[in-house]
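Summary of the model geometry
Here is what each chain is made of, one letter per residue.
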Amino acid sequence: MEYKFLKTEFKDNGITIMTVSAPKSLNALNSTVLKEIDHFVSNLDTKKTRVLIITGDGEKAFVAGADISEMVHLYEKEGYEFSKLGAIAFRKIETLPIPVIAAVNGFCLGGGCELAMACDFRYASSNAKFGQPEVGLGITPGFSGTYRLAKLVGQGMAKEMIFTSKAIKADEALRIGLVNAVCEPEELMNKVMMTAKRILANAPLAIAHAKRCINESYDLCADDAIELENVAFGKCFATDDQKEGMAAFLEKREAVFGGK
Ligand code: HXC
C-alpha cells in the first residue's frame, strides 16, 4: 500500500523506521494517518523487522497531536470512533512481538504523546516538549492516553499534566520517567540506532516473551503475573535460541540467534 502520511525505511539489519509525515500540520494525526499506522503495523513482518523505530518528519515535531481541524467537526459518536481508531492502532504497536522505540524529535503533544507512550520506551531530543493539552480544547486525552500516562509516570503526575495542560521539557520528562534518555537533536537517531543494534544481538523470542510478560503482568495479580513469567521462562527452553545462547557462553564465543 502507498502511504500518504507515513515514510517507511526497512534496513538490512532488521531495523525499520516508521516516520509520521504531515509537515504542514506538524505531523498531526488525522484519521487517514491513523488508518495508515494501523495498516503498517498489522502487516509488519516481525521475522524480518526485529526493532521498530517511530519518529516524526522534520526538526520541529514528533507529532503535535490529533488533527484539530478534523476533530472540530465531530459529534459524540464520531468522537468515540476517532478515539477508538487510534486506540486500536496504538494497541497493535504496544503488543507487537518486537521492541518499538519512539525517537521524539520535537513537539510530542496530545495524540503525539499517546503514540510515543504506546512504544516500549522513548528517547527524546533536548528540544522535545511533552504535554496533554486536550482539556484546553474541551476534550479528554484519547488513544488510551489517560491509561498509559498514569501507568508510566504515576497518577499524581499524570493528573497534574492533564489537568493543567502544561507542556514539560525533555529534561523534566526524563526526571519523571516518561523518557529514558535525552540528547542533542542531531544525536537522537544515532543514539536510538545504537540501542536498537544492542537489542538485535539478543534472542528475539526471549525478548518477545519478556515484552509480553512486562505488558501483561501490569494488569494481573501478583500470583498470575509470576506464573505468566514461569511459563514464558519454560517456553524459552523449547527454542534453539536458548541452546545457542547458553552453548555460546560456555564455549566463550558470541551467540548467533536465529529466532527459532
Ligand atoms: C491540526 C495543527 C496541529 C494539530 C499544529 N498544527 N498542531 N493542525 N492539529 N494538532 C498546524 C497549525 O495549525 C499550523 O498550521 C501548523 O501546524 C504550524 O503550527 P503553528 O501553530 O503555526 O506552530 P507554532 O507556533 O510553532 O506552535 C506549535 C504548537 C502549536 C505549540 C505545537 O501548533 C499547537 O499548540 N498545536 C496544537 C497542539 C495540541 O493542542 N495538540 C493536542 C490536540 S488534541 P497553519 O495552516 O496555520 O500553518 C489531541 C487529542 C488526542 O491530540 C486524542 C484523540 C482521540
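We now turn to the structure provided with this report. (Residues numbered from 1 in each chain as written. Predicted model: local features only at pLDDT ≥ 70, side-chain atom pairs only at ≥ 80, totals over all residues. Heavy atoms only, no water.)

Comments concerning helix α4 (residues 111–118)
Selection rule: Each residue is placed in one exposure class: buried if its accessible area under a 1.4 Å probe, protein chains only, is under 20% of its type's maximum, exposed if it is over 50%, and partly exposed if it falls in between. The secondary structure listing takes helices from DSSP runs of H or I that are at least 4 residues long and strands from runs of E that are at least 2 residues long, numbered from the N terminus.
For α4, the buried fraction is high: eight of the eight residues fall into the buried class. Restricting attention to buried positions, one finds in α4 the residues Gly111, Gly112, Cys113, Glu114, Leu115, Ala116, Met117 and Ala118.

As for helix α1 (residues 31–42)
As a reminder of what qualifies: Working rule for helices: expected span equals 1.5 Å times residues minus one. We call two residues contacting when some pair of their heavy atoms lies within 4.5 Å. Polar contact is the term for a pair of N or O atoms within 3.5 Å; when the atoms are in protein, one must be able to donate a hydrogen and the other to accept it, and sequence-neighboring residues count only if both atoms are side-chain atoms.
The end-to-end C-alpha distance of α1, which contains twelve residues, comes to 16 Å, matching closely the 16 Å that a straight helix rising 1.5 Å per residue would cover. By the burial criterion, the buried members of α1 are Ser31, Val33, Leu34, Glu36, Ile37, Asp38, Phe40 and Val41. Contact partners of the buried residues in α1: β1 (6–10), β2 (15–20), β3 (51–56), α2 (68–71) and α3 (76–94). At the N-terminal end of α1, a side-chain oxygen is found 3.0 Å from the backbone nitrogen of Thr32, two or three residues along, and the residue is Asn30.

Description of the sheet that holds β2
Keep this limit in mind: Each pair of strands is called paired provided DSSP finds at least two bridges between the two strands. Under this scheme, a helix contributes an axis fitted over its contacting stretch, all axes are lines through C-alpha atoms, and angles between N-to-C directions fall in the 0 to 180 degree range.
Read across the sheet, six strands follow the order β1-β2-β3-β5-β7-β10 without closing on themselves; strand pairing throughout is mixed. Of all strands in the sheet, those with a lone pairing partner are β1 and β10 (181–183), marking the two edges. Averaged over all neighbouring strand pairs, the angle between strand axes comes to 20°, with direction disregarded. Relative to β2, β1 runs antiparallel, the two being bridged by five bridges. Bridge pairing links Lys7 to Thr19 in β2.

Points about the environment of Glu254
Structurally, Glu254 is set in the segment after α11 (240–250). Spatially, the C-alpha atom of Glu254 lies 9.1 Å from that of Ala201, the residues being 53 residues apart in sequence.

What about the site of the ligand?
Defined as follows: The nearness test applies per residue and asks whether one of its heavy atoms lies within 4 Å of the molecule or strand. In these tables, accessible area is a Shrake-Rupley quantity obtained with a 1.4 Å probe, and a residue counts as shielded only by the protein chains included in the view.
With respect to spatial proximity, 23 residues lie near the ligand, and among them Lys60, Ala64, Ala66, Ile68 and Gly111 are the closest. At 3.4 Å, a backbone N or O of Lys24 approaches an oxygen atom of the ligand. Lys60 is positioned such that a nitrogen or oxygen atom in its side chain is 2.6 Å from an oxygen atom of the ligand. For the ligand, whose accessible area on its own is 1,000 Å², the fraction buried by protein is 61%.

Concerning the packing of α3 against α4
Relative orientation and spacing of two packed helices are given, respectively, by the angle between their axes and the distance between those axes. The condition that has to hold: Oblique is the label for every angle not falling under 35 degrees (roughly parallel), over 145 degrees (roughly antiparallel), or within 65 to 115 degrees (roughly perpendicular). Polar here means any residue outside two lists: the nonpolar Ala, Val, Leu, Ile, Met, Phe, Trp, Tyr, Cys and Pro, and the charged Asp, Glu, Lys and Arg; Gly therefore counts as polar.
Axis separation between α3 and α4 bottoms out at 8 Å; the angle between their running directions is 30°. Comparing the axis directions of α3 and α4 gives the class roughly parallel. Touching Phe90, Ile93 and Glu94 of α3 are Gly111, Glu114, Leu115 and Ala118, all from α4. Residues belonging to the contact of α3 with α4 are distributed by class as follows: four nonpolar, one polar and two charged.

Some points on the pattern of salt bridges
The following threshold applies: The rule for a salt bridge is simple: a side-chain nitrogen of Lys or Arg has to be within 4 Å of a carboxyl oxygen of Asp or Glu.
What the rule picks out here adds up to eleven salt bridges. The partner of Lys7 in a salt bridge is Asp57, and the shortest N-O contact between them spans 2.8 Å. A residue pair is termed long-range when its members are at least 10 positions apart, and Lys7 in strand β1 and Asp57 in the loop between β3 and β4 (61–63) qualify at 50 residues. Here Lys7 falls in the partly exposed class, since its relative accessible area comes to 43%. One salt bridge in this structure joins Lys48 and Asp45, with 3.9 Å as the shortest N-O distance. A relative accessible area of 36% places Asp45 in the partly exposed class. Three or more residues are tied together by salt bridges with common partners; here these are Arg91, Glu94 and Arg148.

Concerning the pairing of β3
The side chains of a regular strand alternate, first on one face of the sheet and then on the other. Across the six residues that make up β3, a large majority, six, are buried. Burial along β3 is two-sided: the face carrying Val51, Ile53 and Thr55 and the face carrying Leu52, Ile54 and Gly56 are both buried. Bridge analysis of β2 against β3 gives six bridges, and the strand direction is parallel. Its bridge partner lying in β3, Thr19 is registered against Thr55. Pairing analysis gives four bridges linking β3 to strand β5 (residues 100–104), with the strands arranged parallel. Of the residues in β5, the one forming a bridge with Thr55 is Ala103.

Structural notes on the nonpolar core
Generally speaking, nonpolar side chains in soluble globular proteins are found buried as a group. Formally: The definition of a nonpolar core used throughout is a set of buried Ala, Val, Leu, Ile, Met, Phe, Trp, Tyr and Cys residues joined through side-chain atoms within 4.5 Å.
Counting 48 residues, the largest nonpolar core has Ile37, Ile93, Phe130 and Leu178 as its most contacted members. Listed in part, the 16 residues of the second largest apolar core include Ile101, Phe121, Leu188 and Ala196.

Digging into the sheet that holds strand β6 (residues 107–109)
Spatial ordering of the open sheet is given by β4-β6-β8-β9, a layout of four strands whose pairing is mixed. At either end of the open sheet lies a strand with only one pairing partner, and these are β4 and β9 (168–169). With three bridges joining them, β6 and strand β8 (residues 129–131) adopt parallel strand pairing. Considered in β8, the bridge of Leu109 is made with Gly131.

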